[in-house]
Amino acid sequence: MSDSHRYEKAERQPLSESAACLSAILNSTTEGRAEQAAIFAAFVQACPGTAGTSQGRPVLSALLDELADHHLVELPRGRAGWDDAQPPLPRWLRLPLPPKPETRSIRAMAPVVWRRELSWAGADQLTATQIEVLKTINRWLRDTDGDDNRRTVVPMRERSLEIFGDEKRLDTLATTTLFAPGRLTLATLFAERIPPPLAYERVGDGGIVLVIENSDTFETIRALVAGNCGQIGYVAFGGGHAFEASVARIRRLVGVTDIAYYGDLDDDGLTIPQRANVSAAALGLPPVRPAASLYRLLVRQDVRGPAPKRVDPLVAERRVSWLPTTVRRQAADILVAGDRLPQEATGTVLLQRDDSWRRDL
C-alpha cells in the first residue's frame, strides 16, 4: 500500500450527527439490551425523513456500524442475531452499562437557576457530571445574553473551545443523553457542524457527481472524461474517510441529480460510501450509489493484495450489500479471504482500452 493510500484512509471521522442523535435516543429510551422494535423506533425519531423510505434499511445499517465502531453499541456476533433482509439488521443490540452512581449527592448540590434554554435540566434526572457540564453552558448562555457577536453561529469545535477549553468536547457530548430529543442542540449553542472540504473538477453539464476514493485514480478518470463526459458533470476526490462528512459539500454544486462512488474493494472502501450515504440522506441529497461499471471492471481484473485482516462472513455480507448484485458474491469471497482489490487496478491503459466503464456508471 502506498504512503498516499495510507494517508487517504487513515483518519476516521468523528461520529456523524445522525449517529450521535440515534445513540442519544437509544440511551435515553433503553437500558442494557434493545430489541429490534426499539431500534426501529429510535431510528424513526433520529431520522424521520429517511425511516420508511427505500434508504431506511441501508442508512440504519450504516449508522449501527458507526456506533459499534465507536463502542457505543455492541452488535450480535452470530447470524441468528440478524434478520434475513438486505442489508441484514440486528434483531437486538446491547448498550454500554450506564455509569455507576456518583458518590456526591446530587440533591446536596446548590440549586441552580437555569437559563430558559436549559429549563428542562431542573426536571430531568441527571448525574452530577452532567449537571457540571450544563452549569458551564448555563454560564456561557448568561454571559453572552444580548451579545449578537458572541452568539454568531460558528463551527462546533470553535464553540466547544470557547465554552469548555477543549475543541473536541462537544464531539463527545453529542453522543450522550444530554443531546437526546428535547435537551441540548447545537442550535442552542449557536454552533454548526462543518464538513471537510471536497476537491472536485467540473467536467461537463451532466447531473452525475463521480466520486473517486484515491488521488491517482481521481486524476486518471478526470483526464479520461475530459471532452467525453457523457452524463458526468463533476469528478470529485473522496479522500478516504473524509468523504463520510465532505459529501455534504455536494449541496453547493449546481445541477447534481446523482452521486456515484468508486473506491477500493475492501472493508474501508465499502464502509466509506455507505456512511456517506447516511449524511446524504439526512441532507436530502441523492443516494450515494456504486459506480457499477467500474466495480464490475475492477472485479474482472482480480488483482488482489493483502488486507489488514480477514472480514467476518456476516460483516462481508453486510458490506457488499451496497454493491451491484452481479459482483456481491465474488466481493464477499475476497473480503473473507483477507484480500482486497485496489481501485488502481483499473488504471489508465485499461480504461483507455475498455470504455465499457463509461456506460452504466
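To be clear, the structure that these remarks concern was listed above.
Calculation rules
Residues numbered from 1 in each chain as written. Predicted model: local features only at pLDDT ≥ 70, side-chain atom pairs only at ≥ 80, totals over all residues. Heavy atoms only, no water. 1 Å grid on protein atoms, 1.4 Å probe; cavity = no way out; pocket = protein on both sides within 12 Å on 5 of 7 lines; lining within 4 Å. Points joined across faces, edges and corners; volume = space filled by probe spheres on them. Helix = DSSP H or I, 4+ residues; strand = E, 2+ residues; numbered from the N terminus. Nonpolar A, V, L, I, M, F, W, Y, C, P; charged D, E, K, R; others polar. Salt bridge = Lys/Arg side-chain N within 4 Å of Asp/Glu carboxyl O. Buried < 20%, exposed > 50% of the residue type's maximum accessible area, 1.4 Å probe, protein only. Expected span 1.5 Å × (residues − 1). Arc of directions from axis to C-beta. Contact = heavy atoms within 4.5 Å. Pairing = 2+ DSSP bridges. Axes fitted to C-alpha atoms, helices over the stretch in contact; angles between N-to-C directions.

Visitor: Give me the layout of surface pockets: which residues, what numbers.
Guide: As a volume, the largest pocket reaches approximately 1,200 Å³. In this structure, the largest pocket is lined by 43 residues; those nearest its centre are Ser-16, Glu-17, Leu-186, Arg-193 and Ile-194. When residues of the lining of the largest pocket are traced back to their parent elements, those giving at least two are α2 (17-29), α6 (156-164), β4 (191-192), α9 (243-246) and α10 (267-283). If one sorts the elements of the lining of the largest pocket by residue count, α10 sits on top with 5 residues. Of the residues assigned to the lining of the largest pocket, the class counts are 22 nonpolar, 6 polar and 15 charged.

Visitor: Give a detailed account of the pattern of salt bridges, specifying residues and quantitative values.
Guide: Counted under the stated rule, the structure contains 28 salt bridges. Asp-145 serves as the salt-bridge partner of Arg-115, at 3.1 Å between the closest nitrogen and oxygen. In this pair, Arg-115 sits in the loop between β2 (92-94) and α5 (128-143) while Asp-145 sits in the loop between α5 and β3 (154-155), placing the two residues 30 residues apart along the sequence. Arg-115 gets classed as partly exposed once you look at its relative accessible area, which sits at 22%. Residue classification places Asp-145 among the partly exposed residues on the basis of a relative accessible area of 48%. Between Arg-150 and Glu-162 there is a salt bridge whose closest N-O contact spans 3.0 Å.

Visitor: An account of helix α13 (residues 325-336) is needed here, citing residue identities and associated values.
Guide: For α13, spanning 12 residues, the distance from its first C-alpha to its last is 17 Å, which sits close to the expected 16 Å at 1.5 Å a residue. Among all positions of α13, only Val-327, Ala-331, Ala-332, Ile-334 and Leu-335 are buried. End-on, the buried residues of α13 take up no more than an arc of 155°, which puts them together on one face. Next to the buried residues of α13 lie α10, α11 (292-301), α12 (313-320) and β11 (339-340). Once α13 finishes, Gly-338 follows within two positions and takes phi at roughly 80°, a positive value.

Visitor: Go over the environment of Thr-50 with me, naming the residues and quoting the values.
Guide: Mapped onto the fold, Thr-50 is located in the loop between α3 (36-46) and α4 (56-69). A relative accessible area of 6% means that Thr-50 is categorised as buried. Linking Thr-50 and Ala-282, residues 232 residues apart in sequence, is a C-alpha distance of 7.2 Å. Once you skip the residues sitting within four places of it in the chain, Thr-50 turns out to touch Phe-43, Gln-55, Gly-56, Val-59 and Ala-281.

Visitor: Residue-level account of helix α8 (residues 215-225), with values.
Guide: By the burial criterion, the buried members of α8 are Thr-217, Phe-218, Thr-220, Ile-221, Arg-222, Leu-224 and Val-225. Those residues of α8 that are buried are in contact with β5 (199-202), β6 (208-212), β7 (232-237), β8 (258-262), α11 and α14 (348-353). Positive phi appears at Gly-227, one or two residues downstream of α8, with a value of about 85°.

Visitor: Requested: an account of the sheet that holds β6, with residues and values cited.
Guide: Spatial ordering of the open sheet is given by β5-β7-β6-β8-β9, a layout of 5 strands whose pairing is mixed. The outermost strands of the open sheet, each flanked by one partner alone, are β5 and β9 (288-290). Averaged over all adjacent pairs, the angle separating strand axes in this sheet is 30°, with direction ignored. With 3 bridges joining them, β8 and β9 adopt parallel strand pairing. By the bridge assignment for β9, Ile-259 is matched with Val-288. Sheet strands in contact with α10 are β8 and β9, and its direction is about 150° off that of β9. On top of the sheet, α11 reaches β6, β8 and β9; it is set at about 15° to β8, its chief contact.

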